[in-house]
Amino acid sequence: MKNVIITGATGMIGGLILEACLNSPDIGNVTIIVRKSTGISNDKLTEVIHQDFNDFTSIASHFGNQDIAYYCLGVYTGAVDRDWFRVITVDYTKAFANTLKQCSPNAVFCFLSGMGADPAEKSRMMFAKDKGAAENYLKSMNFDQLTIFRPGYIYPVTPRKEPNLSYRIMRFLYPVYKWIHANGVITSTALSNAMFIAGLKGEEKTILENKDIKKMLFT
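Residues numbered from 1 in each chain as written. Predicted model: local features only at pLDDT ≥ 70, side-chain atom pairs only at ≥ 80, totals over all residues. Heavy atoms only, no water.

(A) Layout of the pattern of salt bridges. Scanning the entire structure with this criterion turns up five salt bridges. Between D130 and R86 there is a salt bridge, and its shortest N-O distance comes to 2.7 Å. Highlighted residues: D130 in helix 3 (residues 126–140) and R86 in helix 2 (residues 82–103), separated in sequence by 44 residues. Owing to a relative accessible area of 0%, D130 belongs among the buried residues under this scheme. According to the relative accessible area criterion, R86 is partly exposed, its value standing at 28%. R150 serves as the salt-bridge partner of E135, at 2.6 Å between the closest nitrogen and oxygen. Pair noted here: E135 is in helix 3 and R150 is in strand 6 (residues 145–150), with a separation of 15 residues, a long-range link. The pair formed by E135 and R150 is uniform in burial state, with each residue classed as buried. Where salt bridges share partners, they join R82, R86 and D130 into one cluster. (Salt bridge = Lys/Arg side-chain N within 4 Å of Asp/Glu carboxyl O. Helix = DSSP H or I, 4+ residues; strand = E, 2+ residues; numbered from the N terminus. Buried < 20%, exposed > 50% of the residue type's maximum accessible area, 1.4 Å probe, protein only.)

Rendered as structure tokens:
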């Protein structure tokens, strides 16, 4: 059975991956790094409460003996200022990846990025530039398997409070947008299932665009 470590487990996608891991007979132990308790009780689960995602030194022991890492930590554009967005998107990713590589060098790394991530890091769009920088850093680390997921709009199957007006509008328009541009949208359950499967069973491609993510569920 596999050992899994997850960050972003209190978010929409990370929470669904956590649920899949806890329910899977192929997963033996699940470690989640969170700022506050999830309230979940499960024999498989080790919940590590930690505040500084720029430095995991004090909890590095929890990164050892891990087979799969699901990195789902992120922040919505507009939720924080430009500097903090960079810290959360790029610096936190680097700190987590560095600790994982040092403690579990053969671990599989599944990274939740986003459509439009710019590997040239020249985009004027904050999200695209910073996601591209995070992706580039991960690729430079030469993980045995790195899978980067670039979903489009993620439709939340489970109702939630939307983070801003744009997401409320997108949720309302989802049925129309899905019909007009199917490769630009994906459901939260489809994305989480694809990430879970890629981590557990492997994936040949390093970068999966939205259409690739959807395709892998039907092949």
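And the narrative resumes.
(B) Up close: the sheet that holds strand 6. Sheet architecture is open: seven strands sit in the order 3-2-1-4-5-6-9, paired in parallel fashion. Single-partner strands in this sheet number two, and they are strand 3 (45–49) and strand 9 (207–209). Put simply, the sheet's adjacent strands are angled 15 degrees from each other on average, direction ignored. Pairing between strand 4 (residues 68–71) and strand 5 (residues 108–112): four bridges, direction parallel. Across the sheet, the residue bridging to A69 is F109, located in strand 5. Strands in contact with helix 2 are strand 1 (2–7), strand 4 and strand 5; relative to strand 4, the strand with the most contacts, it is inclined by about 170 degrees. Where helix 3 meets the sheet, it contacts strand 5, strand 6 and strand 9, and its direction lies at approximately 175 degrees from that of strand 5. (Pairing = 2+ DSSP bridges. Axes fitted to C-alpha atoms, helices over the stretch in contact; angles between N-to-C directions. Contact = heavy atoms within 4.5 Å.)

(C) Region of the structure containing unusual backbone geometry. Unusually for a residue other than glycine, N65 sits at a positive phi of about 60 degrees. Assignment of secondary structure puts N65 in the loop between strand 3 and strand 4. When its relative accessible area of 60% is taken as the criterion, N65 is described as exposed. We note that E121 has phi near 60 degrees; this positive angle belongs to a residue other than glycine. With relative accessibility at 28%, the residue E121 sits in the partly exposed group.

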